[in-house]
Amino acid sequence: MNRLGKKANETLIEMALSADDDIAILTKFKPSSSEGEECNGPETISTAGSEIPSSSEIDKRHQSKDSIFFRDGVRRIDFVLSYVDDLNKEWEKKLERRKEFESNLQKAGLELETEDKKESEDGKIFFVKIHAPWEVLITYAEVLNIKVPIKENDIPPMVENPLDCVLFPLRLPENVMHPEPDYFTAPFSKDKQELFLINDESTFFSPSMRNRIVNYILTRCPYGTEEGKKKFGIKRLLNNGTYTAAYPLHDCQYWKKASDPNCDSERYTLYMEWARFLRFYKEQPLDLIRKYYGEKIGIYFAWLGFYTEMLFLAAVVGLICFLYGLFTMDENMSSKEICDPAIGGEIIMCPLCDRDCEYWRLNTTCESSQYSHLFDNVATLFFAIFMGIWVTLFLEFWKRRQARLKYEWDLVDFEEEQQQLQLRPEYEAKCTQKKRNPVTQEMEPYLPLTSQAVRFCISGATVLFWVSLIIASMIAVIVYRLAVYAAFASLMENTQTLQPISGLLTPQLATSVTASCLNFVIIMILNFFYERIAIWITDMEIPRTHMEYENRLTMKMFLFQFVNYYSSCFYVAFFKGKFVGYPGAYTYMFNRWRNEECDPAGCLIELTTQLTIVMAGKQIWGNIQEAIVPWICNWWGRRKARNNPENLYSRWEQDHDLQTFGPLGLFYEYLEMVIQFGFITLFVASFPLAPLLALMNNILEIRVDSWKLTTQYRRPVAAKAHSIGVWQEILNGMAILSVVTNAFIVAFTSDMIPRLVYYYAYSENEDSPMSGYINNSLSVFQISDFPERNEPKENPENFVICRYRDYRYPPEHEKKYLHTMQFWHILAAKLAFIIIMEHVVFIVKFFVAWMIPDVPADVKAKIKREKYLTQKILHEYELEKLKERLCQGDKGATEKEFIATEGRMELSRAM
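A few points on the structure. Since the model is a prediction, treat every value here as computed from it, not as a measurement.

**Here we look at the overall build of the protein chain**
If you tally the helices and strands in the protein chain, you get 30 helices and 18 strands. For the protein chain, the proportion of its 911 residues judged to be buried stands at 53%. Relative to all contacts within the protein chain whose residues are 6 or more apart in sequence, the contacts with residues 24 or more apart total 77%. If you sum the accessible surface of the protein chain, you get close to 42,500 Å²; carbon and sulfur atoms cover 59% of it.

**Brief notes about helix 11 (residues 286-293)**
Burial analysis of helix 11 places 7 of its 8 residues in the buried class, the great majority of the element. Tucked inside the fold, the buried residues of helix 11 contact helix 6 (174-177), helix 8 (207-218), helix 10 (266-273), helix 12 (295-327), helix 15 (378-408) and helix 24 (690-712). Taken from the residues just after helix 11, Gly 294 is the one with a positive phi, measuring 100 degrees.

**Remarks on the nonpolar core**
One finds Trp 303, Tyr 307, Trp 390, Phe 394, Tyr 566 and Phe 679 to be the most contacted residues of the largest nonpolar core, which totals 140 residues. Setting aside residues no more than four positions away along its own chain, Trp 390 makes contact with Tyr 307, Met 310, Leu 311, Leu 313, Ala 314, Phe 677, Ile 680 and Thr 681. In this structure, Leu 81, Ile 130, Phe 196 and Val 859 belong to the second largest nonpolar core, which totals 46 residues.

**A closer look at the state of the cysteines**
Tallied over the full model, the rule gives 3 disulfides. Disulfide pairing is shown between Cys 350 and Cys 802; the S-S distance is 1.9 Å. Between Cys 350 and Cys 802, the disulfide has an S-S torsion of 85 degrees and is therefore right-handed. Placement of the pair is Cys 350 in the loop between strand 9 (348-349) and strand 10 (360-361) and Cys 802 in strand 18 (residues 801-805), with a sequence separation of 452 residues. Disulfide pairing places Cys 353 opposite Cys 357 at an S-S distance of 1.6 Å. Across the S-S bond linking Cys 353 and Cys 357, the dihedral sits near 100 degrees, which makes this disulfide right-handed.

**Section: the pairing of strand 3 (residues 125-131)**
Looking along a regular strand, one sees the side chains alternate between the two faces of the sheet. With respect to burial, strand 3 is a largely interior element, 7 of its 7 residues being buried. Residues of strand 3 alternate between two faces, with Ile 125, Phe 127, Lys 129 and His 131 on one and Phe 126, Val 128 and Ile 130 on the opposite face, all of them buried. Judged from the 6 bridges that link them, strand 1 (residues 79-84) and strand 3 form a sheet pairing that is antiparallel. In the strand pairing of strand 3, Tyr 83 is matched with Phe 126.

**Some thoughts on the sheet that holds strand 1**
Pairing within the open sheet is antiparallel, and its 4 strands lie in the order 2-3-1-8. Among the strands making up the open sheet, the edge pair consists of strand 2 (111-115) and strand 8 (245-247). Averaged over all pairs of adjacent strands, the angle between strand axes in this sheet comes to 15 degrees, irrespective of strand direction. Two elements, strand 1 and strand 8, share 3 bridges in a ladder whose sense is antiparallel. Looking at the pairing, Ser 82 lines up with Ala 245 of strand 8. Together, strand 1 and strand 3 form the strand contacts of helix 8, whose direction differs from that of strand 1 by roughly 45 degrees.

**Brief notes about the pattern of salt bridges**
Tallied over the entire structure, the rule returns 29 salt bridges. Its salt-bridge partner being Asp 376, residue Arg 755 comes within 3.3 Å of it at the nearest N-O pair. Taken as a pair, Arg 755 in helix 26 (residues 752-762) and Asp 376 in the loop between helix 14 (366-372) and helix 15 lie far apart in primary sequence, 379 residues in all. For the pair Arg 755 and Asp 376, one class covers both residues: buried.

**Description of the packing of helix 15 against helix 23 (residues 665-682)**
The relative placement of two packed helices comes down to the angle between their axes together with the axis-to-axis distance. Between helix 15 and helix 23, the shortest axis-to-axis distance is 10 Å and the interhelical angle comes to 145 degrees. Between helix 15, through Met 387, Trp 390, Val 391 and Phe 394, and helix 23, the contact on the second element is made entirely by Phe 677, Ile 680 and Thr 681. Here the contact of helix 15 with helix 23 is composed, by residue class, of 6 nonpolar, 1 polar and no charged.

**Looking at the side chain of Thr 308**
Within the fold, Thr 308 resides in helix 12. In this structure the side chain of Thr 308 is engaged in a polar contact, spanning 2.8 Å, whose partner is the backbone oxygen of Leu 304. If near-sequence neighbours (up to four positions away) are discounted, Thr 308 is found in contact with Leu 695, Asn 698, Ile 699 and Ile 702.

**Examining the environment of Val 614**
Looking at the secondary structure, you find Val 614 in helix 21 (residues 604-637). Note on Val 614: relative accessible area 0%, which makes it buried. On a C-alpha basis, the gap between Val 614 and Ser 568 in space is 9.4 Å, while along the polypeptide they are 46 residues apart.

**Digging into the packing of helix 10 against helix 11**
In the contact formed by helix 10 and helix 11, the axes pass within 11 Å of each other and the chain directions differ by 140 degrees. Relative to helix 11, helix 10 is oriented so that their crossing is left-handed. On helix 11, the residues that touch Glu 266, Arg 267, Thr 269 and Leu 270 of helix 10 are Leu 288, Ile 289, Lys 291, Tyr 292 and Tyr 293. A breakdown of the residues in the contact of helix 10 with helix 11 according to their chemical character gives 5 nonpolar, 1 polar and 3 charged.

**A word on the environment of Tyr 817**
Residue position: Tyr 817 is located in the loop between strand 18 and helix 28 (821-851). Looking at Tyr 817, the relative accessible area reads 6%, which means it is buried. Not counting the four nearest positions on each side in its chain, Tyr 817 is found in contact with Tyr 582, Val 780, Phe 781, Gln 782, Asp 785, Tyr 804, Arg 808, Tyr 809, Pro 810 and Pro 811.

**Thoughts on a nonpolar patch on the surface**
A grouping of Ile 620, Trp 621, Ile 624, Ile 628, Val 629, Trp 631, Ile 632, Trp 635 and Trp 636 is seen on the molecular surface, where their side chains present a nonpolar patch of about 890 Å² in accessible area. In this structure, Ile 632 sits in helix 21. With relative accessibility at 43%, the residue Ile 632 sits in the partly exposed group.

**Structural notes on the packing of aromatic side chains**
This model, assessed by the stated rule, comprises 59 aromatic pairs. Here Tyr 359 and Phe 799 contribute two aromatic rings whose centre-to-centre distance is 5.9 Å and whose plane-to-plane angle is 75 degrees, an arrangement assigned as edge-to-face. Here Phe 799 lies in the loop between strand 17 (778-782) and strand 18 and Tyr 359 lies in the loop between strand 9 and strand 10, a separation of 440 residues in the sequence. We note that Tyr 359, like Phe 799, is buried. Over the ring of Trp 652 we find Lys 129, and its NZ or CZ is 4.3 Å from the ring centre. Note that Arg 594 overlies the ring of Tyr 586, its terminal NZ or CZ placed 3.5 Å from the centroid.

**A closer look at the environment of Ser 750**
If you trace the backbone, Ser 750 turns up in the loop between helix 25 (727-749) and helix 26. Ser 750 gets classed as buried once you look at its relative accessible area, which sits at 3%. When the C-alpha positions of Ser 750 and Asp 376 are compared, they lie 6.1 Å apart, and in sequence the two are 374 residues distant. Apart from the residues within four sequence positions on either side, Ser 750 is in contact with Asp 376, Leu 604 and Ile 745. A distance of 2.6 Å separates a polar atom in the side chain of Ser 750 from the backbone oxygen of Val 746. Here the side chain of Ser 750 touches Met 752 through a polar contact of 3.4 Å, landing on its backbone nitrogen.

**Topic: unusual backbone geometry**
With phi around 60 degrees, Asp 410 is a residue other than glycine that occupies positive phi space. Residue placement: Asp 410 occurs in the loop between helix 15 and helix 16 (414-421). Asp 410 sits in the buried class, given a relative accessible area of 15%. One non-glycine residue, Tyr 817, adopts positive backbone phi at about 65 degrees.

Definitions and cut-offs
Residues numbered from 1 in each chain as written. Predicted model: local features only at pLDDT ≥ 70, side-chain atom pairs only at ≥ 80, totals over all residues. Heavy atoms only, no water. Helix = DSSP H or I, 4+ residues; strand = E, 2+ residues; numbered from the N terminus. Buried < 20%, exposed > 50% of the residue type's maximum accessible area, 1.4 Å probe, protein only. Contact = heavy atoms within 4.5 Å. Areas by Shrake-Rupley, 256 points an atom, 1.4 Å probe, with all protein chains shown as cover. Core = buried A, V, L, I, M, F, W, Y, C linked by side-chain atoms within 4.5 Å. Disulfide = S-S within 2.5 Å. Pairing = 2+ DSSP bridges. Axes fitted to C-alpha atoms, helices over the stretch in contact; angles between N-to-C directions. Salt bridge = Lys/Arg side-chain N within 4 Å of Asp/Glu carboxyl O. Nonpolar A, V, L, I, M, F, W, Y, C, P; charged D, E, K, R; others polar. Polar contact = N/O pair within 3.5 Å; in protein donor to acceptor, adjacent residues only side chain to side chain. Left-handed = near helix turned anticlockwise from the far one by under 90°. Patch = residues over 30% accessible without salt bridge, like charges linked within 9 Å, V, L, I, M, F, W, Y side chains within 5 Å. Phe/Tyr/Trp six-rings, centres within 6.5 Å; stacked < 30°, edge-to-face > 60°. Lys NZ or Arg CZ within 6 Å of the ring centre and 35° of its normal.

Here it is in structure tokens:
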């Protein structure tokens, strides 16, 4: 707004009427009705600034109700407001607000047309249709620094890809992929309109640009003074019930083209070519998405599509690693020994709980040890290293893709504009104190430092409380695991019906599965409440700009979701079975519940189970929320309207009955995908099939998101974005953390390092180096050394010794039950492996990142070419104007000024 010379204490309307005389003349803004007139009564049609036929001259029944134009069939509907004229105690106050607000919209140059409630399907809702005339559009296009075409792009297209013939089945028609020619663009200027390629004023600004401009006015338009404070903005009017909805219109029904030949029916094209699941194998029409929904939604689908493409490589490699484990399952010596009746059948294991649990034979875990080999094998190490490099490739290639989109979508200089233009109306309204901006030297609102400190303290304490609540819930789940383990063990030993599956469904696995399901339910419940708390505390902080608001909310939500979703996986991966103690000296939680032990085959299979349940459960629940819930809500809302003739069900009513895609709609989509990204990177060493599950989910996700956006939601207000924002930094942080977590999983959760140490240092059989590993990994405990608290109630077979998973000296040794040297050798090998793996992967990551430039060379050349041509055209324009003034005898146009302008052109060419 400062670009138009607006003073710090002026409103948007005052700026338009009095701040700049030439603006008022050029835009031909009309004054409002006199004070005694009602400007927007329920049955009034306001036509500020235009001569159109009155309502009595138009037969409404002959006008298409699916039209996106005013009743004159000429002026396009850029936005719709709806309200219900309910006669409650606040009816008069709401009426006054609407009158004032709509009067001020007219003062700003917008044109309104009201549909009486008698014309609506339910007979209750008024609709106010808004049209932005050319003068308003060019004024605010300059304010918002919107870039428009000045010249067709003369840079030759890229050389054709030799694989294009192979990829032809995946391609969409050219008119769908590139709905508009490629132009060089420049920020719009009212004073230089002849520079721009304006063929038709009615179509020069796309519908998404038009609704963005109208929304900019709506969010800053005042509607009166209440309680001594100036009130403004459509958001407040929606919150207090003055209006029930505010939205731009879809251009047609999604299942058929519009009957009006002036309508492009882009919604129909998007549905047919993009939003149907049968098109899952096709590329996305990103340029059309950007044109219809705006750059912010376009960049999300571009990122999601690129992420899905990159997942294909990770999924193939992960599947190969899984198949390696499957084909080598029968060759695994550890599971062979466990299943062998002469080895595993003769090894008596110590009870898994105090008093109630019995001694058990090792071969009862035969099936689980075999399945554990699917994920705990040498391919696990390779896949963990591969994924560390894959993450870097994904992030670096996305930077290149993003740079190309920034150029193609005219977002190269957008970051500076973002900070200048998107000051939140809520910040302007709540910050009553002002200070001078050192750059612009104008007074602007600000939030005092003391107020900021208090708000941040409250916000930080709230976030800390909720994170602590998650940790407390995780501890509660751990207590559940410890408390029910004995019950499962006793149940499976004493119930005959469970004997056939006792080999597969061990007490450890039963406990892990039920605890994972319980944990998933708790995650969903905590998510439901925290989302509302996070929005509330972010609003309380009063961020200055929209970008700052989104970044703060993103960090709060991600921190919570990170702890909420991953805490249980971190527990199983890095804590379970690590602090158990040994028979006779077990460690206890709260001095009551004995800590859990891992399966003799390791904890990796339990981590895989936990990861699968939480990840798959989240994806299934997310798709239900995203697709089925909106469909049911829309079906319920339209159950009456669907019985009416189509010609009586207007375009604005059809869109009114759809769901609202709120300002945080994309935020939740990004959050869902970033949490999934964490699952496939942080813990991928335990589950090589995770990328494959993510790939299948994302193929569905793209079509579900596109389907719901095109068919189930009102058209969102177009918004600009030059990148995925703070999510990029979060992904970078998770990529670095994933190297560390996977190194620790391979070292401490899997059995790979102990097996390798045994293979190279302790094996005594040269023909079969891994034979004897199971016996070597189990220590001996003398049953008579059990304290009364731990000793089983029964020992029917009078066992003398039992085995447990650890490296400790036997009871007859002088260092009885202390750790052996093999334990310290294994620990040293684990630490050495972590250091080596981290350094190798980090070196490769940074080398790859250094090798791949963030901006492709051809994009750099195009950016330079466009800047050069823009400067050249502007300078030539200024030169022509000077020549005209000289020819007309303008004394102000001196020869020196002409020479200086010509010299500037030469300098531009040289640069």
